[in-house]
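One-letter residues, chain by chain:
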Amino acid sequence: MTMHFLLLFSRQGKLRLQKWFLPLPERERKKIVKDMTTMVLSRKPRTCNFLHWKDLKIVYKRYASLYFCCALENQDNELLALEILHRYVELLDKYFGNVCELDIIFNFEKAYFILDEFLMGGEIQETSKQSIAKSVEASDMLQEVRH
Amino acid sequence: MPAPIRLRELIRTIRTARTQAEEREMIQKECAAIRSSFREEDNTYRCRNVAKLLYMHMLGYPAHFGQLECLKLIASQKFTDKRIGYLGAMLLLDERQDVHLLMTNCIKNDLNHSTQYVQGLALCTLGCMGSSEMCRDLAGEVEKLLKTSNSYLRKKAALCAVHVIRKVPELMEMFLPATKNLLSEKNHGVLHTSVVLLTEMCERSPDMLSHFRKLVPQLVRILKNLIMSGYSPEHDVSGISDPFLQVRILRLLRILGKGDDDSSEAMNDILAQVATNTETSKNVGNAILYETVLTIMDIKSESGLRVLAINILGRFLLNNDKNIRYVALTSLLKTVQTDHNAVQRHRSTIVDCLKDLDVSIKRRAMELSFALVNGNNIRGMMKELLYFLDSCDPDFKADCASGIFLAAEKYAPSKRWHIDTIMRVLTTAGSYVRDDSVPNLIQLITNSVEMHAYTVQRLYKALLDDISQQPLVQVASWCIGEYGDLLVSGQCEEEEPIQVSEDEVLDVLEGLLVSNLSTPVTRGYSLTAIMKLSTRFSSLNRIKKVVSIYGSSIDVELQQRAVEYNALFKKYDHMRPALLERMPIMEKTATNGPSETVQTNGETDSTILDTKHLPSISQPASQANDLLDLLGGNDVVPIIQTTVPTKPASAGGELLDLLGDLSLTGGPTPTPASSVPMSQPPFLLDGLTSQPLFNDIAAVIPPMTAYNKNGLIIEFTFERSNPNPNIAVITIHATNSTEADMTEFVFQAAVPKTFQLQLLSPSSNVVPAFNQGSVTQVIRVLNPQKQQLRMRIKLTYTHKGSPVQDLAEVNNFPPQSWQ
C-alpha cells in the first residue's frame, strides 16, 4: 500500500497534520495541500470516497470535523486504504480517549508519533493495535520533560 | 531572558486571534523570540522552540531557520529532544537540502543506540525520507538490524530496507540473505513488513521473482492459518483476522503467480477458499475480496475461478455501498478485455450505473459501457449512451461524444442509423465534440453516398435551429457547400424533403459569416461552402458579391480565401467547375488535402501518428481497448501513451488514425484525411483490415521487456504488417520509475547484417520521473531471411545531472515477431 502522503484537515480547510512519504519541495507540498482540500471539501455528501488526481488515487474519509485524506498508487487497494484510515483513527482514539479535533490540534506531535508507529515509508509497519499503543506508551515514558 | 512560552500556551494564544493579520503578528513576534533563543544556543528550551516552530509551519509560515536546530536536537542525548528533532527533520528537511546529509552520522549512531525506541526513531526517519546517499551509507546498518531477533526493530528495518531499495535499487542484493527466514516469524508486524519487502524485491527484479517463487507454499500456509484460526483479539477487525496482512499476502501471491503455471496452481485452492468464505457485510471483508479478485484475474487461474471472480464483481455492482460499486467498475474495466463474455453478462447492471449520482461511478460506468458495446447490443447501448450524453456533466461530454462516434463507426447497423446518431450527438452536445472529429465526420458523410441528401437536409434543419455549436456548424456548412444542389432540389428519400430556395441557403451561410457566435474556423468553412455553391447554384452574382466583400476582411485567413476565390472568378473561371467539383470518396490509402507531415524521414508529426495507433493494435485485438485509449485516464492499457503535446494539425490526425486502424463491419471506411504520410499506409493500415474485432490472442505477438535497469524500463510491443510479413514494426516504450526525470534520452539500436532497421523519431527525449509518462519510438525491422531477431541497444540520457550510457543486448524476442 504505497501511500504518497496523508493529510488531515478541518472542514474549513485548515491543515492539522501532513505526512509526506515522498521527497517533495515545500512549494509542491503547499500546492498539493491546496488541491486536496479544494477537491475533497467540494465533494457532495453520499458520493464515494475515491477520487482521481493526476495518476494517483485519492482516498478520503470524514470523521467528525476532520477529513483524513491519503494518496495511493494505481495498483493499491482503495477499500483497504479506508481500513487504514480507520485504524489510525482508532489508534488516536485509544491514546487520547474519545479523540476530537482539539486533541490533534494541541497534541499534533503526539499524532505524528502514533502515526510513525503505524506507517513507515507509506507502508503499514504494525497491524496490532495493542502493540502500537504499548510502543507509544513506552516512548512517552522515556520523555524527560514536557514542552 | 524569561523562559520561552510552552507549546500548548502558544497554540492557545494563536487560536484566539480573530483575524489573519492578528495571527500573523503573533507568529512573527514568537518567531523573533525563537530566533533569538536559537542564537543563544539554549539547550534547555530548544526542543520547546522547535515544537512551536513546527506548529507554526503547519499553519503555513516559513520555518527554514529551524532546520539546523533540528539537527542539534537529534544529536542531543535526551529522548524528548530526539523525538522532536527527528519529527522536525521529517517535516522541514527534504533531501534537496545539504543540511539533510548532516543527519547521516546522527542516524548512524542512533541506529546503534542501546534504547530500541531511539533506534526506532532513526529507522523511521531514514525509512521515510532518506536520500540515496544516506541510504548508501547506512544500508549496512539496516541490513544488520534486519537480522535482529527484536521484532520491534526487525519490522522497522524491513520497511527501511524497502525504502533503501527504492532509492538505490542496486543495493537490493545485499538484503537477500536476511530475507531467508523472515516468513517464519510469528510476529504479525514483522510478517507484514517482510511481505512488503519481498513484494518490492520481486517487483523490481525478475531474478528475485523466480528466486522467491519457492515461497508460495509458505505464503499459502500463512494465509490459510489466518483464515482458519479462531478469534485473535490482537489482530481482529470485524471478525476477520489481520486483513492488512491477508491483503498483502494476496498481492505478493499475485506477483508470484503471474505467468507461472505451477505457482498459480499452488494458490488456486486458497484463493477459492478466501473468495467463498470471506464475510462480506463490512468493508474490510470486501477489501480482501477485492484483492482476491485482482489476484485471480492476474494469475493463470482455472476458468472456474475466474468466473467466480467476475461474479464477485457482479455482486459488488449491486452492493449498496458506493465505494464497492466504484471498485467493481474499475476492476471490470481491467478484465473486460480478457474475460469479455463474462463481463457482458453484467451489462445491464453496468448501464444502470450510468444513472448513478456519483461522478466517479458515472465515469467508470461510461468507460466500461463503451468497452462492452458490440454489434449485437449497439442499438440498445447507444440509446442508453445518448441519453447519458444528454444529461451528464460537461466534463464527460467530450469523452462521451468521442466514444459514441467510435462505437457508431464500428458497429453501425445501417448508414441511416449512423448519420442519425451523429446528428443526435452534434445537436445535443455539439459544442463539446472535439474539434478534430469534424474532419472525420465529414469523411464519414462523404463516403455514405446514398445518404448525402438526407444528411444535408438534416444538417440544414439543425442549423436553422441553432448556430452556436461550432462543430455542428462546421460539418453542416461543409455539407451544404458540397451537397447544396441536393438540398434545393428536394431529393431526399429517407424523409420528407423540405422546400428550400437557393437564397434561403445562402442566407443561412452568410448569417454564419457575420454571426458573433462563429469562430474564425467556422467562418472559413462557410465562406468556402458559399464558394462551392457557385458551381451548384445559379445565383452567381450573389456569391460573387459575398466573396469580393471578404477580400478585405480583417481576418487574414478569410481574406486570403476570398481573394483567391475572387481570382478564380476573374481569371480562372474556366477552371472553377473542375476545382469545385464534388469530393470523391476518400479511400483509406489515398491522401487528400494538404499533407502537412513529411513522409519518409519520420518527422515528429508522423511518428506520433505511428506510435499512437501502433500500441492500440498490438493489444489483444479488442477494439474496446482503442476506445479506452481514446477516452484516456484508463489504467488498463498496459502500454503507456505519451503525453507529448502535438500541433493541432497532427492532433486531428491522431484521432483519425485511431479510427483508421479498425476494420469496419460494412460502415464507411474512413481515411485519416490530411496527415497520413503516403509511404506509411501499406505497412500500417493495410495490415489492420484483417484484424479480428474480438479477442484473438493467438494472432497477437506478446509484448516484452527489453531492458530494465536503474529504474529505466523499456518495453517492446509488436505489430506485424500483413502485406509484407517480413517487416516487424516494434514500438518501444521507455518509462522511468526513479524520482528524477531522464533528459536528453536517446535510444539507438543495431541489428545483425541480414536485417534492415529503420528508426523513426521518438515522441520526446524526456522520460518523466515516477512513471508519469513514457517516451515511445517506432522501429521497423525488415527480416527477409526470417532469421531470429536480435538487437543491440544503446541508451544515453542525463539523470540527476550526470550523463548515463548503457549498452544491452536484446535476445528475448518472442518467436512470432520474426517467424
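Below is a short write-up of the structure.

The rules behind the values
- Residues numbered from 1 in each chain as written.
- Chains lettered and ligands numbered in written order.
- Predicted model: local features only at pLDDT ≥ 70, side-chain atom pairs only at ≥ 80, totals over all residues.
- Heavy atoms only, no water.
- Helix = DSSP H or I, 4+ residues; strand = E, 2+ residues; numbered from the N terminus.
- Expected span 1.5 Å × (residues − 1).
- Buried < 20%, exposed > 50% of the residue type's maximum accessible area, 1.4 Å probe, protein only.
- Pairing = 2+ DSSP bridges.
- Axes fitted to C-alpha atoms, helices over the stretch in contact; angles between N-to-C directions.
- Arc of directions from axis to C-beta.
- Contact = heavy atoms within 4.5 Å.
- Buried area = accessible area lost by both parts, 1.4 Å probe.
- Salt bridge = Lys/Arg side-chain N within 4 Å of Asp/Glu carboxyl O.
- Polar contact = N/O pair within 3.5 Å; in protein donor to acceptor, adjacent residues only side chain to side chain.
- Nonpolar A, V, L, I, M, F, W, Y, C, P; charged D, E, K, R; others polar.

**Examining helix 15 (residues 283-298) of chain B**
Under the 1.5 Å per step criterion, the end-to-end length of helix 15 of chain B is 23 Å for 16 residues, consistent within 8% with the ideal 22 Å. By the criterion of burial, helix 15 of chain B is predominantly enclosed, with 15 of the 16 residues buried.

**Re the sheet that holds strand 10 (residues 802-810) of chain B**
Strands belonging to one sheet form pairs held by backbone hydrogen bonds; the direction of such a pair is parallel or antiparallel. All names here are of chain B. Here three strands make up an open sheet; going across it, the order is 6-9-10 and the pairing antiparallel. Because the sheet does not close on itself, it has two edges, and the strands there are strand 6 (742-750) and strand 10. Averaged over neighbouring strand pairs, the angle between their axes works out to 15 degrees when direction is ignored. Bridge analysis of strand 9 (residues 791-799) against strand 10 gives nine bridges, and the strand direction is antiparallel. Along strand 10, the bridge assignment pairs Thr-798 with Pro-803.

**As for helix 2 (residues 20-39) of chain B**
Residue and element names in this part refer to chain B. With 20 residues, helix 2 should cover 28 Å at 1.5 Å per step; its first-to-last C-alpha distance of 28 Å lies within 8% of that length. For helix 2, every residue scored as buried is listed here: Glu-23, Ile-27, Glu-30, Cys-31, Ile-34, Ser-37 and Phe-38. Along the axis of helix 2, the buried residues cluster in a sector spanning 120 degrees; they form a single face. Within helix 2, the exposed residues directed more than 90 degrees away from the buried face are Glu-25, Gln-28, Lys-29 and Arg-39. Taken together, the buried residues of helix 2 touch helix 1 (7-15), helix 3 (43-58) and helix 4 (67-75).

**Description of the interface of chain B and chain A**
Listed per partner, the contact involves 75 residues of chain B and 69 residues of chain A. Both faces considered, chain B and chain A share a buried interface measuring about 6600 Å² in area, 55% of it formed by carbon and sulfur atoms. The largest per-residue losses of area from chain B upon contact with chain A belong to Met-58, Arg-83 and Phe-244 of chain B, which jointly make up 12% of the total buried on that side. One can count eight salt bridges joining chain B with chain A. Its salt-bridge partner being Asp-76 of chain A, residue Arg-251 of chain B comes within 2.9 Å of it at the nearest N-O pair. Our enumeration of links across chain B and chain A arrives at 29 residue pairs in polar contact (both at pLDDT 80 or more). Classifying every residue of the side of chain B that touches chain A gives 33 nonpolar, 17 polar and 25 charged.

Bear in mind that shape data such as this cannot, by itself, settle questions of function.
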